[in-house]
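# Fold and contact review
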Amino acid sequence: MTIRNPLLPLALGLMAASPLAGAQSGGYALPPAPLQAIVDAPRAPMLSLSPQRNLLMLVSQPELPSIAEVAQPEVKLAGLRINPRTYSASRFTFGTALTLLDIETRKEAKIAGLPRELRVADLAWSPDQRYLAFTRISYGVDDGKGAGKDAGVELWLVDVAARSAKKLLAQPLSAVFSRGFQWQPDGKGLLVQLRPAGLGAPPVPSGVPSGPAAQDSQPGAGTRQLRTYPDLLKNEDDARLFEHYITSQLALVDLGGKLRLIGKPGLYSRASLAPGGKHLLTASIARPYSYVVPVSSFGERIEVRELDGKLQHTVATLPLREGLPPGNDAVRTGPRHIGWRVDAPATLAWAEAQDDGDPAKAAEVRDIVYTQAAPFTAPPAVLARLASRFAGVAWGRGDVALLGERWIKTRAVKQWKIAPDHPDSAPELLYEGSAEDRYSHPGSPVMRADAAGLPRLLIGPDNSILLDGPGASPEGDRPFIDRLNLVTKRKERLFQSSAPYYENVVAVLNEDGTRLLSTRESPTERPNFYVRELALQGDAQLTALTHFPHPLPQLKHVQKEQIRYRRKDGVDLTATLLLPPDYDPKRDGPLPMLMWAYPQDFKSAAAASQTTGSPYKFNAVSYWGPAAFLAMGYAVLDNPSFPIVGSAGQEPNDTYLAQLVADAEAAVDEVVRRGVAERHRIAIGGHSYGAFMTGNLLAHTRLFKAGIARSGAYNRTLTPFGFQSEDRPFWKAQEVYQAMSPFNNADKIKDALLMIHGEQDSNSGTFPIQSERMFQAIKGLGGTARLVMLPNESHAYRARESIMHMLYETNAWLEKYVKAAQP
């Protein structure tokens, strides 16, 4: 177990400090004012659509949390990060206000009765739309020991008609694994997971070891992928503390706050009511635990219970799983993806591997999908036999459901129409293609909430469904809505976004798909919500629901172009070129440039060549991406294609370095050709796998004067059982792992590398030691590098002070090594 120190970092103030003045820790620093303005720009609210699709709840979003909030106590156990004050998963951003918006009248209404410090964590409409439940995070009153009196996850209820809210329960919820509540299908109450009243204080380790922690391998078990995970259990003290924080009491609560307990407290990781409301599916964590895998691989008991807690049926007893067979298509044996069929009162559905979960084993049938109806005494019925892996079901009616399968290794995907009530009927193939072929994406089926509030296929009277797709094309993304007749297979396009706007459908508001809720944006207009009436003509189709202003008027006229260029081997590439307002390359000459990228693996050059993005999207300038540096006079090449293509029987990473360098050369050549950049003033940067890319480009080229690498990994032997889409273990591809590791080539890095990393990075492939060891190597070899470790930050950074300091360091690095660089 790791318990993060509840004391705040010593340096909380924001101050001016030299980012290049040695290795000592200083205070948090502020970047120049134009970058500060980007961090503090107002954020648009989040929206939640009601089941009847006529109301929206707007949830106001706050400014970034302070480091004081992010540095709260945190317990790290079995891959979980838990706030010990609230018995919930650690999180730091919450809704600060609730406003109800009537779609028809466009009138807004405030909600009365809300607490002064709201902190909305999660919310959900009742199936009948009369109520909206939400959880509020209360930190209570600080007792001076890092704990808070009366802290916890509170359950609140909004009466929609009365426009008022009340606290529904005095007893706090447990929200370690989930939001802690679910509406009953009849809308008369909620299923909740409570923090048990008699739980007591967390167990305190004695501090005296009871003995060594020992682990055993399993000889003869075959090769198992064991990824590197953070925050694991380390001993029995950890195990007891883990059980304390995940223990919850299931209960039903009515709309008046009256509780009805369901059985006794248990180690519940999941609980869900059957659509008929009379059965409860639960998953409970079971010993033995593991010191090498997180809770997601622990053993579980999957059971069906009656509403008094009485055990009705044991679905599965799943053992601890320490690793899987090699390959991204490997799965656990036994039932998986266990859940309710939403269009039946009480029918379970799940998948089971027929190849022992091992993709290397030959098998005509890889997965079988089963169903079993209450009272669960008859044998399970076979719903489908699949040649690849089960990828989910969109339920509709007894005669219509859509079932997906996929094979990650080849990117192959299929979608079938099945009849769940008639398992003997032959499935119909609706779509077969490649997951990486964006141009051919048929769209995802449109779902709607049924009377129980559960998602079902929206099926027309002529047995048609609606498909919502991204509309990728050589001209860019153009989202669409299609109507597909499941009998005739005829498709009709009802809507498609068109220039000069990018319009994305958020929801279908009526049965026939002619009334849409969408977001609409252009390069100078931020996304706003609209109702589109397809039955009307021209401008009369659109009615604006929101009028969010431009968050950064000073950057409204940023210039954007979606550019296409070609790699030397003929692969077509795409990038978004961003230039400062009023800049003219012929008049002003080339600018210093920041490129920001993230490599992606492909199985075909044709898929890698497809256009990505849209020229008509809003020119959003965020503190997280590279566009912020437009405010400092830089040109930006955002998201240039960096495909790594496997071909002729080779895996993509077999030629990773050669292709990575070719991608970079093509991007540099194009911006220089356009006159917006010059070769001696270009920086490259990226986050996570993009940071890994950055390290490699500085090690194997002199194309860039500086690199910005955030939360990266640099030594692939520290992730020996695979990374990204690489599924070969180190011992099967040693040359690939060694060649791809920039740490092995740290002596070749001649340009300046800035590395930023969160001290508490939770990502399995980017432990902080990756950046620490890379920095030590470059420093020891006499190279130019700087390492900035952000206290209390994870893989992505959250605190306002951390974000400000990240921009400060990045700006100072670019100013010193790029802006004034000489040929």
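Residues numbered from 1 in each chain as written. Predicted model: local features only at pLDDT ≥ 70, side-chain atom pairs only at ≥ 80, totals over all residues. Heavy atoms only, no water.

Before going further, it helps to examine the overall build of the chain. Counting its secondary structure elements, the chain contains 10 helices and 52 strands. Relative to the 2.2 N^0.38 estimate, which gives 28 Å for 823 residues, the radius of gyration of the chain is 27 Å and therefore close to what a compact globule would have. With the C-alpha coordinates aligned to their principal axes, the bounding extent of the chain is approximately 75 × 75 × 60 Å. Counting over 823 residues, the chain shows a buried share of 55%. (Helix = DSSP H or I, 4+ residues; strand = E, 2+ residues; numbered from the N terminus. Rg over C-alpha atoms; globule rule 2.2 N^0.38 Å. Buried < 20%, exposed > 50% of the residue type's maximum accessible area, 1.4 Å probe, protein only.)

Leaving glycine out, the prevailing phi sign among residues is negative, and the prevailing peptide bond configuration is trans. A cis geometry characterises the amide bond from Arg 287 onward to Pro 288, with omega recorded as 5°. Relative to the helices and strands, Pro 288 resides in the loop between strand S22 (280–286) and strand S23 (299–305). Here the amide bond leading from Ala 374 into Pro 375 is cis, since omega sits at 10°, within 30 degrees of zero. A positive phi is found at Asp 582, a non-glycine position, where the angle reads about 65°. Considering the arrangement of structural elements, one finds Asp 582 in the loop between strand S44 (572–579) and helix H4 (585–588).

It is at 10 Å that the axes of helix H6 (residues 656–673) and helix H7 (residues 689–700) come closest, and there the two elements cross at 85°. It follows that H6 is roughly perpendicular to H7 by the angle criterion. Facing Tyr 656, Leu 657, Leu 660, Val 661 and Ala 664 of H6, the residues of H7 in contact are Tyr 689, Phe 692, Met 693, Asn 696, Leu 697 and His 700. Of the residues contributing to the contact of H6 with H7, the split by class is nine nonpolar, two polar and no charged. (Axes fitted to C-alpha atoms, helices over the stretch in contact; angles between N-to-C directions. Parallel < 35°, antiparallel > 145°, perpendicular 65-115°, else oblique. Contact = heavy atoms within 4.5 Å. Nonpolar A, V, L, I, M, F, W, Y, C, P; charged D, E, K, R; others polar.)

What follows concerns the environment of Phe 704. With respect to the helices and strands, the residue Phe 704 is situated in the loop between H7 and strand S50 (706–710). We classify Phe 704 as buried; its relative accessible area is 1%. Those residues in contact with Phe 704 that lie beyond four places of it in its chain are Met 595, Ala 664, Val 668, Ile 682, Ala 683, Ile 684, Leu 697, Leu 698 and Asp 751.

The element S44 is extensively covered by neighbouring structure, given that six of its eight residues are classed as buried. Looking at chain direction, S44 and strand S47 (residues 635–638) are connected through three bridges and run antiparallel. Bridge assignment links Thr 576 to a residue of S47, and that residue is Asp 638. (Pairing = 2+ DSSP bridges.)

In this structure, the largest pocket spans a volume of roughly 960 Å³. What lines the largest pocket is a set of 41 residues, among which Phe 618, Asn 619, Ala 620, Val 621 and Ser 622 lie closest to the centre. At the level of secondary structure, the elements contributing two or more residues to the lining of the largest pocket comprise helix H1 (33–39), strand S41 (525–533), strand S43 (559–566), S44 and strand S49 (677–687). When grouped by side-chain class, the residues that make up the lining of the largest pocket number 20 nonpolar, 14 polar and seven charged. (1 Å grid on protein atoms, 1.4 Å probe; cavity = no way out; pocket = protein on both sides within 12 Å on 5 of 7 lines; lining within 4 Å. Points joined across faces, edges and corners; volume = space filled by probe spheres on them.)

Glancing now at the side chain of Glu 300. In this fold, Glu 300 is placed in strand S23. Using a relative accessible area of 11% as the deciding quantity, one classes Glu 300 as buried. Of the polar contacts made by the side chain of Glu 300, one reaches the side chain of Arg 270; its length is 3.0 Å. For Glu 300, the residues in contact, after removing those within four places along its chain, are Ser 269, Arg 270, Ala 283, Ser 284, Ile 285, Ala 286, Ala 316, Thr 317 and Leu 318. (Polar contact = N/O pair within 3.5 Å; in protein donor to acceptor, adjacent residues only side chain to side chain.)

The tally for this structure, following the rule as stated, stands at four cavities of 30 Å³ or more. Of the pockets and cavities examined, the largest cavity occupies roughly 100 Å³. Residue lining of the largest cavity: Asn 328, Ile 408, Lys 409, Arg 411, Asp 601, Lys 603, Glu 651, Pro 652, Asn 653, Ser 725, Glu 726 and Asp 727, and that is the complete set. Of the residues in the lining of the largest cavity, the class split is two nonpolar, three polar and seven charged.

Pairing within the open sheet is antiparallel, and its four strands lie in the order S4-S5-S9-S10. Edge positions in the sheet fall to strand S4 (46–49) and strand S10 (108–110), since each has one partner strand and no second. Between one strand and the next, the sheet's axes are offset by a mean angle of 30°, whatever the strand orientation. Bridge count between S4 and strand S5 (residues 55–60): four bridges; the pairing is antiparallel. The partner of Leu 47 across the bridge, within S5, is Leu 58.

Enumeration according to the criterion identifies 18 aromatic pairs in this entry. An aromatic cluster of at least three residues, connected via ring pairs, comprises Tyr 598, Tyr 656, Tyr 689, Phe 692, Phe 721, Phe 723, Phe 730, Trp 731 and Tyr 737. The cationic tip of Arg 493 hangs over the ring face of Phe 480; the distance from NZ or CZ to the ring centre is 4.0 Å. The lysine or arginine in question, Arg 716, covers the ring of Phe 723, its NZ or CZ lying 4.2 Å from the ring centre. (Phe/Tyr/Trp six-rings, centres within 6.5 Å; stacked < 30°, edge-to-face > 60°. Lys NZ or Arg CZ within 6 Å of the ring centre and 35° of its normal.)

Below, the discussion takes up helix H3 (residues 236–246). With eight of 11 residues buried, H3 lies mostly within the body of the structure. Those residues of H3 not exposed but buried are Asp 238, Ala 239, Leu 241, Phe 242, Glu 243, His 244, Tyr 245 and Ile 246. Contacts from the buried residues of H3 go to strand S6 (74–77), strand S7 (80–83), strand S21 (268–273) and S22. The N-terminus of H3 is capped by Asn 235, whose side-chain oxygen sits 3.1 Å from the backbone nitrogen of Asp 237.

Now for the pattern of salt bridges. Applying the stated criterion across every chain, the model contains 55 salt bridges. The salt bridge partner of Glu 303 is Arg 301, with a shortest N-O separation of 3.8 Å. Exposure remark for Arg 301: the relative accessible area of 35% places this residue in the partly exposed category. Taking the shortest distance from any N to any O, the salt bridge between Arg 515 and Glu 533 comes out at 2.5 Å. Taken together, the residues span a long stretch of sequence, with Arg 515 in strand S40 (residues 515–522) and Glu 533 in strand S41 at a distance of 18 residues. Here the salt bridges share partners, and the residues they tie into one network are Glu 236, Asp 237, Arg 240, Glu 243 and Arg 287. (Salt bridge = Lys/Arg side-chain N within 4 Å of Asp/Glu carboxyl O.)

Time to look at the pairing of strand S16 (residues 164–167). Sheet topology places strand S15 (residues 152–159) next to S16; four bridges connect them, and they run antiparallel. Counterpart to Val 158 in the pairing with S16 is Ala 165. The antiparallel hairpin formed by S15 and S16 contains four residues in its connecting segment, where Arg 163 sits at a positive phi of about 55°.

This part takes up the sheet that holds strand S30 (residues 400–407). Taken together, the four strands give an open sheet; going across it, the order is S29-S30-S31-S32, and neighbouring strands pair in antiparallel fashion. Both outer strands of the open sheet, strand S29 (389–397) and strand S32 (428–434), are each paired with one neighbouring strand and no more. Across the sheet, the mean angle separating the axes of adjacent strands is 15° when strand polarity is ignored. The sheet contact formed by S29 and S30 spans six bridges and is antiparallel. For Trp 395, the partnering residue across the bridge sits in S30 and is Ala 401.

The next subject is H6. Helix length check: H6 (18 residues) gives 26 Å between terminal C-alpha atoms against 26 Å at 1.5 Å per residue, within 8%. What H6 keeps buried is the set Tyr 656, Gln 659, Leu 660, Val 661, Ala 662, Asp 663, Ala 664, Ala 666, Ala 667, Val 668, Glu 670 and Val 671. Looking at the residues trailing H6, positive phi occurs at Gly 675, about 80°. (Expected span 1.5 Å × (residues − 1).)

Note that predicted coordinates carrying low pLDDT should not be read in detail. Confidence in the prediction for the chain averages 94 pLDDT; 96% of positions are at 70 or higher. Predicted confidence for residues 5–23 stays below pLDDT 50, and this span has 42 contacts to residues more than four positions away or in other chains. (pLDDT = per-residue confidence, 0-100.)

Time to look at the environment of Leu 191. Residue placement: Leu 191 occurs in strand S18 (residues 189–194). Taking the C-alpha atoms as reference, Leu 191 lies 49 Å from Lys 732; in sequence the two are 541 residues apart. Residues contacting Leu 191, with those up to four places away along its chain left out, are Gly 180, Phe 181, Gln 182, Gln 184, Ala 251, Leu 252, Ile 262, Ala 271, Ser 272, Leu 273 and Leu 280.

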